[in-house]
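# Structure at a glance
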Amino acid sequence: MTMQKLDILAFGAHTDDVELGCGGTLLAAVAEGKKIGIIDLTQGELGTRGTASVRLKEALLAGEIIGAAVRENLGMKDGFFLNDQAHQMAVIEIIRKYQPDIVLCNAPEDRHPDHGKAAKLVADAAFLSGLIKIETTHNGVAQAAWRPTHVFHYIQSRNLAPNFVVDISAHMDQKMASILAHASQFYNPNSEEPNTFISSDSFLEFIKGRAKEFGQQVGVQYAEGFISEKIIGIHSFDGLIQKTT
Ligand SMILES: [Zn+2]
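Scope of this entry: the structure provided in the associated data block. (Residues numbered from 1 in each chain as written. Predicted model: local features only at pLDDT ≥ 70, side-chain atom pairs only at ≥ 80, totals over all residues. Heavy atoms only, no water.)

As a rule of thumb, non-glycine residues mostly have phi less than zero, and peptide bonds are mostly trans rather than cis. At Gln99, a position not held by glycine, the phi torsion is positive, near 45°. Tracing the sequence through the fold places Gln99 in the loop between α3 (85-98) and β4 (102-105). Overall, the relative accessible area of 18% leaves Gln99 in the buried class. Although it is not a glycine, Asn139 adopts a positive phi angle of roughly 50°. Take Asn139: it is sitting in the loop between β5 (137-138) and β6 (141-142). Assessed through its relative accessible area of 61%, Asn139 is described here as exposed. (Helix = DSSP H or I, 4+ residues; strand = E, 2+ residues; numbered from the N terminus. Buried < 20%, exposed > 50% of the residue type's maximum accessible area, 1.4 Å probe, protein only.)

A few words on the coordination of the zinc ion. Around the zinc ion, the protein supplies His14 (ND1), Asp17 (OD), Asp17 (OD) and His115 (NE2) as donor atoms, at distances of 2.0 to 2.7 Å. Coordination geometry of the zinc ion: the 4 donor atoms subtend angles of 53 to 123° at the metal centre, consistent with an arrangement described as irregular. For the zinc ion, the donor residues sit on a single chain with the sequence spacing H-x2-D-x97-H. Linking Asp17 in helix α1 (residues 17-31) with His115 in helix α4 (residues 113-128), this pair joins segments that are 98 residues apart in sequence. (Donors = N, O, S within 2.8 Å, 3.2 Å for Na, K, Ca; no water. Tetrahedral: all angles 85-135°; square planar, octahedral: opposite > 155°, others 65-115°.)

Put into structure tokens, the structure is as follows:
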């Protein structure tokens, strides 16, 4: 089996976190020729609506809309996974498998406690993955150590201050389409399942509103916000959005 190196690997605790938090950024990266993958830690089996198998199918469809080269599910326990050695080793194995330069993961703190937990688990594993004395195998073959150069946290429910935002104006419609691919979770006037925090029409409006607010700060229509634990360097001022704000 040939190894498929990816440019960006996006992790989510639940199967819709990536679409909601950084779907537009991934679409923008794919549009410029980057290879991206999505890793869901759990199947979101504790979600009020849908079932694990329905949610897996929806996630695969959403991944296709985003243009992900791969989407895998690590099968951790929704609500109860831990940031311990066993879980870190599972994340290290998948990072070494795809050797991403950039890792995207959940918000460092959020409404759902799994999000902060996943953020720490993935960030810790991304660091440990670079240590050669931690030995892992994939399909029986020893893996080389690999440390992503950047780990960025996408902002979710809580109104956290971003360190930078990414212009997703050209990809907002596709982002919303990828979210709606999770048909069991989001607004569907024909659904007979119980209403939840995320199933109302106003939740979709909130997602658009959040992107609009981040966009407004930098003079574009829509943007997604990220937090970096490290200082970010730039090669040139040419990469900056040049709008008067
Ligand atoms: Zn989530």
